[in-house]
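# Remarks on the overall topology
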Amino acid sequence: MILPQRRPAQHNPPPDRFRGYIAGMGTGAGIRIVVGHWQSSPLGGFTDVMVQHPDGRRVLLAPNDDVAAYVRATYTFDEVLIAPVRADLSPRELTVTAGPLSLSAGIGARAPLGHLLRAVPRRLGTSPLWLGALDPLARLARLRTAGSAGGGRREFYGVTDLRRLTGLCASWDGEELGGLRPVLPPVTFGFGSAPPAPSIATLVTTIRH
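Here goes a summary of the coordinates provided.

Rules of the game
- Residues numbered from 1 in each chain as written.
- Predicted model: local features only at pLDDT ≥ 70, side-chain atom pairs only at ≥ 80, totals over all residues.
- Heavy atoms only, no water.
- Helix = DSSP H or I, 4+ residues; strand = E, 2+ residues; numbered from the N terminus.
- Rg over C-alpha atoms; globule rule 2.2 N^0.38 Å.
- Lys, Arg positive; Asp, Glu negative; His and termini not counted.
- Charge placed at Lys NZ, Arg CZ, Asp CG, Glu CD.
- Core = buried A, V, L, I, M, F, W, Y, C linked by side-chain atoms within 4.5 Å.
- Buried < 20%, exposed > 50% of the residue type's maximum accessible area, 1.4 Å probe, protein only.
- Contact = heavy atoms within 4.5 Å.
- 1 Å grid on protein atoms, 1.4 Å probe; cavity = no way out; pocket = protein on both sides within 12 Å on 5 of 7 lines; lining within 4 Å.
- Points joined across faces, edges and corners; volume = space filled by probe spheres on them.
- Nonpolar A, V, L, I, M, F, W, Y, C, P; charged D, E, K, R; others polar.
- Pairing = 2+ DSSP bridges.
- Phe/Tyr/Trp six-rings, centres within 6.5 Å; stacked < 30°, edge-to-face > 60°.
- Lys NZ or Arg CZ within 6 Å of the ring centre and 35° of its normal.

### Comments concerning the overall build of the protein chain
Secondary structure assignment for the protein chain yields four helices and 13 strands. The C-alpha atoms of the protein chain give 18 Å as radius of gyration, which agrees with the globular expectation for 209 residues (17 Å, within 12%). For the protein chain, the C-alpha atoms occupy an extent of roughly 80 × 40 × 30 Å along the three principal directions. The averaged location of the 15 negative side-chain charges in the protein chain is 13 Å from the averaged location of its 23 positive side-chain charges.

### Comments concerning the nonpolar core
Core analysis: the largest hydrophobic core is formed by 23 residues, its most contacted members being Met25, Ile33, Val35, Val49, Leu101 and Leu103. Breaking this core down by element, the ones donating at least two residues are strand S1 (16-27), strand S2 (32-40), strand S3 (46-52), strand S4 (58-62), strand S7 (93-98), strand S8 (101-110) and strand S10 (153-172). Once residues within four sequence positions are removed from consideration, methionine 25 is found in contact with Ile31, Arg32, Ile33, Val35, Leu103, Ala105, Leu165, Leu168, Leu180, Arg181, Val183 and Pro198. Counting residues in each nonpolar core, the second largest holds 21 residues, with Val34, Phe77, Val183 and Ala194 among its members.

### With respect to the layout of surface pockets
Looking at the second largest pocket, its volume works out to about 170 Å³. For the second largest pocket, the full set of lining residues is Tyr21, Leu89, Ser90, Pro91, Ile107, Asp161, Leu162, Arg163, Ile200 and Thr202. Among the secondary structure elements, those contributing two or more residues to the lining of the second largest pocket are S10 and strand S13 (199-208). For the lining of the second largest pocket, the per-class residue count stands at six nonpolar, two polar and two charged.

### A short note on the pairing of S8
In terms of burial, S8 is a largely internal element, seven of the 10 residues being buried. Bridge count between S7 and S8: six bridges; the pairing is antiparallel. Bridging across to S8, valine 96 finds its partner in leucine 103. Between S7 and S8, which follow one another and run antiparallel, lie two residues, and glycine 99 among them has a positive phi close to 55°. Direction of pairing for S8 relative to S10: antiparallel, over a ladder of eight bridges. Counted as the bridge partner of isoleucine 107 is leucine 165 from S10.

### A look at the packing of aromatic side chains
Within the structure shown, the criterion is met by five aromatic pairs. Relative to phenylalanine 46, the ring of phenylalanine 18 lies with its centre 6.4 Å away and its plane at 85°, an arrangement referred to as edge-to-face. One end of the pair, phenylalanine 18, is in strand S1; the other, phenylalanine 46, is in strand S3, with 28 residues separating them in the sequence. In this structure, phenylalanine 18 and phenylalanine 46 share a single accessibility class: buried. Linked through ring pairs, Phe18, Trp38, Phe46 and Tyr70 together constitute an aromatic cluster. It is arginine 153 that lies over the ring of tyrosine 70; its NZ or CZ is 5.6 Å from the centre.

### Some points on the pairing of S13
Buried residues dominate S13, accounting for eight of its 10 residues. Relative to S13, S1 runs antiparallel, the two being bridged by nine bridges. Residue arginine 17 lies in a different strand from S13, and its bridge partner there is threonine 206. Relative to S13, S10 runs antiparallel, the two sharing 10 bridges. Bridging across to S13, leucine 162 finds its partner in alanine 201.

So, in structure tokens, the structure goes:
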């Protein structure tokens, strides 16, 4: 008797986790900016910036080719610029220089949603299972907690705190961008946009393969 051969078990690779901050802001010039400041990730610590111009053009500012390749595989851009990206984050201010972009944003009080998020146990609040179940409710507030990361991958945003941005001084190619404005219209890099109110979120982003 010939026994059927067993197929080797297939194991999915472990998820990628990015721990850090995302800041979203609009400007008087109509440019919307999303800064990802990551303290730990599969790519190490880094900062990248996504910029959407009033005409819809989407630009990624990345510090190296590895970051650019990963982010571009996850989101959609019309242009990618590799340039030194330097960021400094304190409890009161976020400063970034990246290629043609320079900005300094004031950080203010915790938003009401931030108080609610801090009440959720961290392990639950960053769990993909929880975030997947929460996404239909988040959509009612024009937010997303789960969606496609491209290439058959799924992405989950586990926000654990949220603070308001209080002011902005920014320039692009030496041209002043005007004061702080809401992130409107929404940015279109991926399945969701930053919240309309300018803010900085503490979060764990999980990408499942």
